[in-house]
Amino acid sequence: MGEKPLIDSLEGKTAECPPFWFMRQAGRYLSEYRELRSRTGSFIDLCLNRAASTEVTLQPIRRFEPDAAILFSDILIVPYGLGMDVRFEEGKGPILDAVCDAKGLNKLSIDKSWSRIESTYETVASVKSQLDSDKTLIGFSGAPWTVATYMVEGKSSKDYAAVKGWAYRETEEFDRLINLLVVATIKHLSLQIDAGADVIKIFDTWAGVLSPEEYQRWVIRPSFEICSELKRRYPDVKIIGFPKGVGVGYLDFANKVGVDGVAIDTSVPPEWAAEFLQNDVTVQGNLDPIVLIEGGDRMIDQARKIRKSLQSGPFIFNLGHGVLPATPVENLIKLAEFLRVPLE
Ligand code: CP3
């Protein structure tokens with residue numbers, strides 16, 4: 001066994017107690033995050049402040065000792081690095097000046113504004129230097145499709161009408177945006193690996209809104225291109241993909257993209273994932289974050305069921321989506337304790 005249980009699992013090994021971490025394990029549900037956030041200016045300022053983002057990355061590690069730290073940043077740092085204005089408004093979420101035509105596309109550049117986000121890689125190095133050697137450092141980015149939804153809609157969307165409309169109508173032009181994001185994502189992830197990230201996670205939160213053909217074109221193909229280039233540059237780096245909400249599309253993702261691990265959302269039956277995905281990839285998931293707000297026996301029972309279904313293959317325990325702001329931290333501490341004890 002190696003030094004880092006989470007990497008062992010991504011190499012296909014099984015364990016009596018699964019390695020674990022929680023999506024959005026840093027954030028508003030932690031009082032120490034709210035305190036630091038209240039004196040660090042905007043959310044983007046926080047992401048780009050090396051000392052503050054290092055501290056926020058480490059806060060959940062001190063609280064419940066998960067097997068991994070995930071860089072504190074956001075998927076919208078990449079559009080910011082491409083020259084877009086990105087703001088986060090209380091209660092509204094992200095606001096961007098939407099790109100919806102060739103003119104907007106031509107303004108984006110991989111080089112011109114990238115220095116705006118370079119402190120991100122200093123944060124990676126600084127977290128790495130403070131992390132115990134048994135902990136894995138996860139770097140991340142959004143996948144091109146999900147990042148494009150925010151760039152084209154200019155905000156969180158309900159129906160994705162603007163981005164899908166553009167993609168369906170002017171497919172080749174939209175492909176230019178996706179290809180630009182493939183290159184930008186490879187750059188962003190390579191720089192994180194250079195700075196010390198052990199594992200990469202690629203978030204495709206809105207993969208599930210596409211029709212089957214478009215799923216192949218804007219999720220599978222770009223994810224494959226990113227993974228193959230990263231593996232060419234860094235043969236040892238491990239990659240986890242998260243195409244949320246794709247149902248049977250998880251099969252193609254596990255078979256075609258070249259990831260080491262696939263994160264499944266709450267809707268995927270763990271037994272199904274054990275039977276159809278775990279032969280090809282390590283499965284990560286998938287407790288419902290709402291159950292974490294409730295806590296108690298229901299939380300432990302559901303966590304036990306997930307462990308029973310997936311623990312005989314390579315498995316990383318996690319949630320099906322991110323920790324919500326209303327989650328009591330005691331529940332996460334209890335869940336972490338349960339995960340450290342072998343099942344009877
Ligand atoms: O702890 C971690 O997981 C690392 C940090 C992280 C954040 N965002 C911090 C954040 C990560 C990995 C993300 C990824 C991210 N960002 C995704 C993909 C994963 C997912 O949740 O589906 C997406 C779609 C985004 C875009 C984004 N960022 C939105 C839509 C919002 C607003 C909604 C909200 O929760 O407020 C954000 C803001 C954001 N990113 C916060 C945090 C902690 C909250 C900002 C605050 O503190 O006010």
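You'll find the structure just up there.
Quick caveat: nothing in here was measured; it's all calculated off a predicted structure. (Residues numbered from 1 in each chain as written. Predicted model: local features only at pLDDT ≥ 70, side-chain atom pairs only at ≥ 80, totals over all residues. Heavy atoms only, no water.)

Undergrad: Would you take a moment to explain the pairing of strand β9 (residues 315–319) for this structure?
TA: The two faces of the sheet receive side chains in turn, since in a regular strand these alternate between them. Among the five residues that make up β9, five are buried, leaving the element largely enclosed by the rest of the structure. Across the two faces of β9 the burial is the same, with Phe315, Phe317 and Leu319 and Ile316 and Asn318 all buried. Here strand β8 (residues 282–287) runs beside β9; their pairing, made up of five bridges, is parallel. Residue pairing for β9: Leu287 is matched across the bridge by Leu319. (Buried < 20%, exposed > 50% of the residue type's maximum accessible area, 1.4 Å probe, protein only. Helix = DSSP H or I, 4+ residues; strand = E, 2+ residues; numbered from the N terminus. Pairing = 2+ DSSP bridges.)

Undergrad: Teacher, can you tell me more about the packing of helix α8 (residues 144–153) against helix α10 (residues 171–195) here?
TA: The description of two packed helices rests on the angle between their axes and on the distance between the axes. Closest axis-to-axis distance for the α8/α10 pair is 9 Å, and the angle between their directions is 120°. For the element pair α8 / α10, the angle class is oblique. Here α8 and α10 pass one another in a crossing that is right-handed. Residue-level contacts link Pro144, Trp145, Val147, Ala148, Met151 and Val152 of α8 to Phe174, Leu177, Ile178, Leu181, Val182 and Thr185 of α10. (Axes fitted to C-alpha atoms, helices over the stretch in contact; angles between N-to-C directions. Parallel < 35°, antiparallel > 145°, perpendicular 65-115°, else oblique. Left-handed = near helix turned anticlockwise from the far one by under 90°. Contact = heavy atoms within 4.5 Å.)

Undergrad: Would you take a moment to explain the packing of aromatic side chains for this structure?
TA: Using the criterion set out here, one finds 13 aromatic pairs in the structure. Ring centres 5.7 Å apart and planes at 55° place the aromatic pair Tyr33 and Phe72 in the tilted group. Of this pair, Tyr33 sits in helix α2 (residues 31–37) while Phe72 sits in the loop between β1 (68–70) and α5 (77–81), placing them 39 residues apart in sequence. On the basis of relative accessibility, which here comes to 4%, the residue Tyr33 falls in the buried class. (Phe/Tyr/Trp six-rings, centres within 6.5 Å; stacked < 30°, edge-to-face > 60°.)

Undergrad: Explanation requested: the nonpolar core in the structure shown.
TA: Buried together is how nonpolar side chains tend to be arranged in soluble globular proteins. Membership of the largest hydrophobic core comes to 123 residues, with the highest contact counts inside it found for Phe22, Leu82, Phe174, Leu177, Phe317 and Leu335. Here the element with the most residues in this core is α10; it accounts for eleven residues. (Core = buried A, V, L, I, M, F, W, Y, C linked by side-chain atoms within 4.5 Å.)

Undergrad: Honestly, the side chain of Lys164 in this entry has me stumped. Any pointers?
TA: Within the fold, Lys164 resides in helix α9 (residues 161–169). Put simply, Lys164 is tucked away with no salt bridge, and the nearest opposite charge, on Glu214, sits 8.0 Å away. Excluding anything up to four places from it in sequence, Lys164 contacts Trp145, Asp159 and Val209. (Lys, Arg positive; Asp, Glu negative; His and termini not counted. Salt bridge = Lys/Arg side-chain N within 4 Å of Asp/Glu carboxyl O.)

Undergrad: Would you mind going over helix α11 (residues 212–233) with me for this structure?
TA: In an α-helix, one turn spans 3.6 residues; hence positions three or four apart end up facing the same way. Look at α11: 30 Å from first C-alpha to last across 22 residues, which is about the 32 Å you get at 1.5 Å a residue. Among the residues making up α11, those that are buried are Glu214, Tyr215, Trp218, Val219, Ile220, Pro222, Ser223, Ile226, Cys227, Glu229 and Leu230. Contact partners of the buried residues in α11: α8, α9, α10, β5 (199–204), β6 (238–243) and α12 (249–256). (Expected span 1.5 Å × (residues − 1).)

Undergrad: What's the story with the site of the ligand in this structure? I'm lost.
TA: Around the ligand sit 22 residues, and of these Arg28, Tyr33, Asp74, Thr205 and His321 come closest. Arg28 places a polar side-chain atom, nitrogen or oxygen, 2.7 Å from an oxygen atom of the ligand. Between the ligand and Thr205, the relevant distance is 2.7 Å, taken from an oxygen atom to a side-chain nitrogen or oxygen of the residue. Protein contact buries 89% of the 880 Å² of open area that the ligand shows by itself. Breaking the shell around the ligand down by element, the ones donating at least two residues are α2 and β3 (93–96). (Near = heavy atom within 4 Å. Polar contact = N/O pair within 3.5 Å; in protein donor to acceptor, adjacent residues only side chain to side chain. Areas by Shrake-Rupley, 256 points an atom, 1.4 Å probe, with all protein chains shown as cover.)

Undergrad: Help me understand helix α7 (residues 119–130) in this model?
TA: Here α7 contains twelve residues, and its C-alpha end-to-end distance of 17 Å stays within 8% of the 16 Å for a straight helix at 1.5 Å per residue. Within α7 the residues assigned to the buried category are Ser119, Thr120, Tyr121, Thr123, Val124, Ser126 and Val127. Where α7 is buried, its residues touch α3 (43–48), α4 (50–64), α5, β4 (136–142) and α10.

Undergrad: What exactly am I supposed to notice about the pairing of β8 here?
TA: Here β8 lies mainly inside the structure; six of its six residues are buried. Of the strand pairs in this sheet, strand β7 (residues 261–263) and β8 are connected by three bridges, and their pairing is parallel. Each residue of the ladder has a partner; that of Ala263, found in β8, is Gln284. You can see the chain leave β7, run along helix α13 (residues 270–276) and come back into β8, and the turn it takes is right-handed. (Right-handed = clockwise from strand over helix to strand, strands pointing away.)

Undergrad: Would you explain the pattern of salt bridges in this entry?
TA: Opposite charge on two side chains makes pairing possible when the charged atoms of those side chains draw close. For the structure shown, the criterion picks out 21 salt bridges. Between Glu122 and Arg50 there is a salt bridge, with its nearest N and O atoms 3.9 Å apart. On the criterion of sequence distance, the pair formed by Glu122 in helix α7 and Arg50 in helix α4 is long-range, its members being 72 residues apart. For Glu122, a relative accessible area of 45% puts it in the partly exposed group.

Undergrad: In this structure, what is going on with the sheet that holds β1? I would like to understand it.
TA: Picture the strands of a sheet paired through backbone hydrogen bonds; they go either parallel or antiparallel. The seven strands are arranged β1-β4-β5-β6-β7-β8-β9 in an open sheet whose pairing can be described as parallel. Edge strands, defined here as strands with exactly one partner in the open sheet, are β1 and β9. Strand-to-strand twist in this sheet, taken as the mean axis angle between neighbours without regard to direction, amounts to 25°. Note: β4 against β5, five bridges, orientation parallel. Looking at the pairing, Ser141 lines up with Ile202 of β5. Each of β5 and β6 is contacted by α11, which is oriented at about 170° to β6, the strand it contacts most.

Undergrad: Even after reading the chapter, I still don't get the environment of Ala303, so can you show me in this structure?
TA: Note on placement: Ala303 falls in helix α15 (residues 296–310). Placed 178 residues apart in sequence, Ala303 and Ala125 show a C-alpha to C-alpha distance of 33 Å.

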